[in-house]
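Residue-level structural notes
The primary structure of each chain is shown beneath.
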Amino acid sequence: MLESVEAQMRAFIEELENEEIVKLFETLPHGKRLRAKLVLKVAGGGEEAVRLAAVIEMIHAASLLHDDVIDDATTRRGVASLNATEGSKQAIMMGDILYSKGFEELTAFDRAVASTVARAVTQLSIGELMDVRLGDRFNPDIDAYMRMIYQKTAALIEATAAAAALLAGKDEKIYARYGRNLGVAFQIIDDILDITQTSEQLGKPAMHDLEEGKTTLPYIYLYEALDEAGREKLAALHGRKLGEEERNWIKAMMEETGALRKAYLHARELGEEAAALMEGEGEESLAEIVTAMIERDF
Ligand code: FPP
Ligand code: MG
């Protein structure tokens, strides 16, 4: 069924009647298509659901094109990012095209569906702004971090599940809550994998979050567990290129203090709540998406 979403996205792009845009679109890596899978599992594989899934994946792809420019990233999903191969101007404009074509297609939906998705995209943009702001210095504030990842990542996943539920005539609130928990857990697992996995496994540089200025949940828990000298040492590594010794120290401390485990348990708790919500609705495969996401290693 995911192929029908790929075909729909391509059809939307072809409607623009511009060969260069089609070519650039084809170079973009597909990723996990988590949001499309969610729509199809909640609302089935009908024509409207496929269109909604395509619109949301286009908006998501646009946000990543812009994010890679903002983060100065050179790789995305194991291949060179568009800003690296074609330059930032092309990446921004391609993002704008995907984003605005997605919104144009969104206007064909019921008002409640369209506004649910549109509101989430505003949240996503505010979340990205907060992410940049929080990166100015080492951030030990867990509430600020949780708010930011809700807006940056979970809001669109929450809206995806809610909009699909609206299409299918299901209880929007339950599905929104499921999506929200899934989204926050997804980002926390991403933060953990940045520390535990290799660059090859991740398809982007490993242990890069702190270098990039991102004080993610495991780092906040680590900071809380360290003594004054340890805290100073950790905070001083923020936003700097890490050497081998520093990487090893962080990894060892993450294990020794249980910070990594604590972050994992936080994600698992959110995931379990999300899975239980779906089990209550008889949605086994939506519950399985959460389990697979928590246990993923890339
Ligand atoms: C990835 O975060 C970034 C996001 C999930 C959201 C980015 C949102 C914007 C740039 C707002 C603009 C939106 C549109 C629709 C044009 P990350 O950098 O933590 O993850 P990464 O490691 O995958 O880069
Ligand atoms: Mg990024």
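First things first, this report covers the structure right here in the doc. (Residues numbered from 1 in each chain as written. Chains lettered and ligands numbered in written order. Predicted model: local features only at pLDDT ≥ 70, side-chain atom pairs only at ≥ 80, totals over all residues. Heavy atoms only, no water.)

Looking now at the site of ligand 1. Not every one of the 14 residues close to ligand 1 is listed here, only the nearest: D71, R76, K152, K204 and K214. Between ligand 1 and the protein, one listed contact pairs an oxygen atom with a side-chain N or O atom of R76 at 2.7 Å. K214 is positioned with one of its side-chain polar atoms (N or O) 2.7 Å from an oxygen atom of ligand 1. Within the complex, 89% of the 630 Å² of free accessible area of ligand 1 lies under protein. Among the secondary structure elements, those contributing two or more residues to the shell around ligand 1 are α4 (47-70) and α7 (111-134). (Near = heavy atom within 4 Å. Polar contact = N/O pair within 3.5 Å; in protein donor to acceptor, adjacent residues only side chain to side chain. Areas by Shrake-Rupley, 256 points an atom, 1.4 Å probe, with all protein chains shown as cover. Helix = DSSP H or I, 4+ residues; strand = E, 2+ residues; numbered from the N terminus.)

Turning our attention to unusual backbone geometry. At R33, a position not held by glycine, the phi torsion is positive, near 55°. Following the sequence through the fold, R33 ends up in the loop between α2 (19-27) and α3 (34-43). With relative accessibility at 8%, the residue R33 sits in the buried group. Even without a glycine there, the phi angle at D72 is positive, about 55°. D72 sits in the exposed class, given a relative accessible area of 66%. (Buried < 20%, exposed > 50% of the residue type's maximum accessible area, 1.4 Å probe, protein only.)

This next bit is on the pattern of salt bridges. Tallying each qualifying case throughout the model produces 22 salt bridges. R51 is paired through a salt bridge with E47; the nearest N and O atoms lie 2.8 Å apart. Linking R51 with E47, this pair stays in helix α4, spanning four residues, or about one helical turn. Its relative accessible area of 52% is what places E47 among the exposed residues. By sharing partners, the salt bridges in this structure join D71, D131, K152, E212 and K214 into a single network. (Salt bridge = Lys/Arg side-chain N within 4 Å of Asp/Glu carboxyl O.)

To continue, consider the coordination of the magnesium ion (ligand 2). Around the magnesium ion (ligand 2), the donor atoms from the protein are D67 (OD) and D71 (OD), and they sit 2.0 to 2.1 Å away. On the basis of relative accessible area, D71 is assigned to the buried category, the value being 18%. (Donors = N, O, S within 2.8 Å, 3.2 Å for Na, K, Ca; no water.)

Looking now at a positive patch on the surface. Together, K32, K37, K41, R77 and K204 make up a positively charged patch on the protein surface. With respect to the secondary-structure elements, R77 resides in the loop between β1 (75-76) and β2 (79-80). (Patch = residues over 30% accessible without salt bridge, like charges linked within 9 Å, V, L, I, M, F, W, Y side chains within 5 Å. Lys, Arg positive; Asp, Glu negative; His and termini not counted. Charge placed at Lys NZ, Arg CZ, Asp CG, Glu CD.)

The packing of two helices is summarised by the inter-axis angle and the distance between the axes. Helix α11 (residues 217-225) packs onto helix α9 (residues 172-196) with a crossing angle of 75° between their chain directions and a minimal axis gap of 8 Å. On the basis of the axis angle, α9 is roughly perpendicular to α11. The segment α9 lies against α11, with I188, D191, I192 and I195 engaging L217, P218 and Y219. Here the residues of the contact of α9 with α11 are counted per class, giving six nonpolar, no polar and one charged. (Axes fitted to C-alpha atoms, helices over the stretch in contact; angles between N-to-C directions. Parallel < 35°, antiparallel > 145°, perpendicular 65-115°, else oblique. Contact = heavy atoms within 4.5 Å. Nonpolar A, V, L, I, M, F, W, Y, C, P; charged D, E, K, R; others polar.)

Time to look at the nonpolar core. Counting residues in hydrophobic clusters, the biggest one holds 101 residues, and the most contacted among them are L52, L98, Y178, I188, L234 and I250. A total of 15 residues in this core trace back to one element, the largest contributor, which is helix α8 (residues 142-168). Beyond its immediate sequence surroundings of up to four residues, L98 is in contact with I13, F25, L28, M58, A61, A62 and L65. (Core = buried A, V, L, I, M, F, W, Y, C linked by side-chain atoms within 4.5 Å.)

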